[in-house]
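# What the coordinates show
The lines below spell out each chain.
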Amino acid sequence: MSLLFSPIDIGPLKLKNRLIIAPMCQYSAEDGQAQDWHTIHLGQLALSGAGLLILEAAAVCAEGRITYGDLGLWDDTTASALAKTLTAIRKYSNIPMGIQLAHAGRKASTQKPWHGGAPISPEDKNGWQVIAPSALPFHEDGPVPLAASQRDIAAIVQQFVEAAKRAADLGFEVIEVHAAHGYLLHEFLSPLSNQRQDEFGGSLENRMRLTLDVFSAVRACVPENIVVGVRISATDWVPGGWDVEQSTTLAIELDKLNCHYLHVSSGGLSPQQEIPVEAGYQVSLAEAIKPYISMPVIAVGLITEPHQAEQILADERADAIAMARGILYNPHWAWQAAAELDGKVEAPAQYLRSEPHGQKGHLTEMDLFKNT
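Named according to an unreviewed UniProt entry, the protein chain is FMN oxidoreductase originating from Methylophaga aminisulfidivorans MP.

Here it is, written out as structure tokens:
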């Protein structure tokens, strides 16, 4: 039996297979509100056959968006807009869904990527004042963030809590706390961006404090049947920055707090990063942390071939595989992988006859479509 297409328990949630669609920002919301684009985009991914679909990063406050087009979950209006999309998807797919909660920190207030991604100053249209652990800009010549006060930090924790409650009310089975890619929680973790002298800076224990506080607060405010996990960048890829050893310590502390999974990515904190990009380049990071924790570890990063994903699981380097850009490029990757690995995935009844000649039997009818 294919390991990729075998079930896995992540906390209280049983997934039908180990392929996870990672969060992918679409930068297509209006004032944080999901649009028809999100229904179309997420609708096709919900029919992909993956075991879990994690929506893009949803900002916990308007100032926490990367761009003015980011999805949000900071009030009833943003929640209501997303509810419309979720209702449409659930009518035609029973895939478990999660949402990533995020605050972009000093990397907020930028142009959309296809417009260059440059910082937007607070005085300009679509811009605002950004906040960070310390008054250190992402780019040397970029806008200088405000150093978060104690009151700001308390407010940020509460914003994560309120967003998590809305996610629970919307029926998400999974909530992912975003502590990766150079955004606010990662900024507090890394000594390159955190030069505070209070209880949130300096020592590793202090730099981990906000991430652990946010996780604990989110875990405490939602029902026990909701999975709560964390995504981290396991290294900054910059000497003297956040690294695998510190990530392992954080993972151990999260494990003690009953974190349900660890999603291991890397980079994003500094323009000085030097990333050795190659197939599966982040898998070794997940592999290094995995022996020290009991929760499932998700590997991600240029895992593009079915046998590559299968081998990572067979070698016990990770417990599940996440894909992002590869799924954007080929939303039916799971169908083709199931045929190649002799696995099975669910698909709508309308699509069952699409299987190529000689590859029949790998698509099974989604329960939602039976007897209709």
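A few words on the nonpolar core. Judged by nonpolar contacts, the single largest core of 108 residues is most densely connected at L82, L101 and L262. Ranked by residues supplied to this core, first place goes to helix α3 (residues 150–169) with eight residues. Not counting the four nearest positions on each side in its chain, L82 is found in contact with A34, L55, L71, L73, I99, L170 and F172. Of all hydrophobic cores here, the second largest spans nine residues; its members include Y68, A104, W128 and V130.

As a further point, take the pattern of salt bridges. For the coordinates displayed, the defined rule picks out seven salt bridges. The residue K256 makes a salt bridge to E253 at a minimum N-O spacing of 3.1 Å. Taken as a pair, K256 and E253 lie in helix α6 (residues 244–256) at a separation of three residues, close to a single helical turn. Look at K256 and you get exposed, because its relative accessible area is 59%. Of the charged contacts, one joins K290 and D319 as a salt bridge, the two residues approaching to 3.5 Å between their closest N and O atoms. Of this pair, K290 sits in the loop between α7 (283–289) and β11 (297–300) while D319 sits in the loop between α8 (306–314) and β12 (320–323), and the two are 29 residues apart along the sequence.

A few words now on unusual backbone geometry. One non-glycine residue with positive phi stands out, namely Y27, at about 55°. Looking at the secondary structure, you find Y27 in the loop between β3 (19–21) and α1 (36–46). Residue Y27 is classed as buried on the basis of its relative accessible area, which comes to 15%. Phi is positive for H181, which is not a glycine, with a value near 60°. Turning to its location among the elements, H181 is positioned in the loop between β8 (174–179) and α4 (184–189).

Summed over the entire model, instances satisfying the criterion amount to three aromatic pairs. Residues W335 and Y351 carry aromatic rings whose centres are separated by 5.8 Å and whose planes lie at 65° to one another, so their mutual orientation is edge-to-face. Here Y351 lies in the loop between β13 (345–347) and β14 (363–365) and W335 lies in helix α10 (residues 333–341), a separation of 16 residues in the sequence. Take Y351: its relative accessible area is 36%, and that puts it in the partly exposed class.

Here we take up the environment of V177. You can see V177 is positioned in strand β8. By relative accessible area, which is 0% here, V177 ends up buried. Along the backbone, V177 and L15 are 162 residues apart, and their C-alpha atoms lie at a distance of 19 Å.

Glancing now at the pairing of β12. The alternating pattern of β12 places A320 and A322 on one face and I321 and M323 on the opposite face, and all of these are buried. Looking at chain direction, β3 and β12 are connected through three bridges and run parallel. When the sheet's bridge partners are listed, L19 is paired in β12 with I321. As defined by bridge partners, β11 adjoins β12 across three bridges and the pair is classed as parallel. When the sheet's bridge partners are listed, I298 is paired in β12 with A320. Taken together, β11, α8 and β12 constitute a β-α-β crossover, and its handedness is right-handed.

Before going further, it helps to spend a moment on the environment of T77. Examined against the element boundaries, T77 turns out to sit in helix α2 (residues 76–92). Taking relative accessible area as the criterion, T77 reaches 43% and is therefore assigned partly exposed.

Within the secondary structure layout, H103 lies in the loop between β5 (97–102) and β6 (131–132). Overall, H103 belongs to the buried group, its relative accessible area being 3%. For H103, the side chain forms a polar contact with the main-chain nitrogen of G105, separated by 3.0 Å. When near neighbours in sequence (up to four residues on either side) are disregarded, H103 contacts V60, C61, E63, G64, I131, I156, Q159, F160, Y183 and L184.

Our focus in this paragraph is the packing of helix α5 (residues 204–221) against α6. For any two helices packed against each other, one specifies the crossing angle of their axes together with the interaxial distance. One way to put it is that α5 packs onto α6 with a least axis distance of 11 Å and a crossing angle of 40°. Judged on the interaxial angle alone, α6 and α5 are oblique. As α5 packs across α6, the resulting crossing turns out to be right-handed. Where α5 abuts α6, its residues L204, R207, M208, T211, L212 and F215 lie against Q246, T249, L250, E253 and L254. Residues that form the contact of α5 with α6 fall into these classes: six nonpolar, three polar and two charged.

Reading the values: rules and limits
Counting restarts for each chain, with residues numbered from 1 along the sequence as it is written. Selection of residues for local features in this predicted model requires a pLDDT of at least 70, selection of side-chain atom pairs for listing and counting requires 80 or more, and totals for whole chains, interfaces and linings are taken over all residues. Think of the side-chain values as coming from all heavy atoms in the structure, minus any hydrogens and water. As used here, the term nonpolar core means buried Ala, Val, Leu, Ile, Met, Phe, Trp, Tyr and Cys residues forming a set that is joined through side-chain atoms within 4.5 Å. Only protein chains enter the area calculation, which uses a 1.4 Å probe; residues under 20% of their type maximum are buried, those over 50% are exposed, and those in between are partly exposed. Think of it this way: any DSSP run of H or I at least four residues long counts as a helix, any run of E at least two long counts as a strand, and we number them from the N terminus. Whether two residues touch is decided by their heavy atoms; if any such pair falls within 4.5 Å, the residues are in contact. The term salt bridge refers to a side-chain nitrogen of Lys or Arg lying within 4 Å of a carboxyl oxygen of Asp or Glu. Ring pairs are drawn from Phe, Tyr and Trp, using the six-membered ring of Trp, whenever the two centres fall within 6.5 Å, and their geometry is named by plane angle: stacked under 30 degrees, edge-to-face over 60, tilted for the rest. Whether two strands pair depends on DSSP finding at least two bridges between them. When the strands point away from the viewer, a crossover counts as right-handed if the route from the first strand across the helix to the second turns clockwise. We define a polar contact as two N or O atoms separated by no more than 3.5 Å, with the added condition that, inside protein, one atom must be a possible hydrogen donor and the other a possible acceptor, whereas residues neighbouring each other in sequence contribute only through side-chain atom pairs. All axes are obtained by fitting lines to C-alpha atoms, using only the stretch in contact for helices, and the reported angles, taken between N-to-C directions, cover 0 to 180 degrees. Geometric relationships in this document are graded by angle, where less than 35 degrees denotes roughly parallel, more than 145 denotes roughly antiparallel, 65 to 115 denotes roughly perpendicular, and other angles denote oblique. By convention the crossing between two helices is left-handed if the near helix lies anticlockwise of the far one by an angle smaller than a right angle, and right-handed if it lies clockwise. Side-chain classes follow a simple rule in which Ala, Val, Leu, Ile, Met, Phe, Trp, Tyr, Cys and Pro form the nonpolar group, Asp, Glu, Lys and Arg form the charged group, and the remainder, Gly included, forms the polar group.

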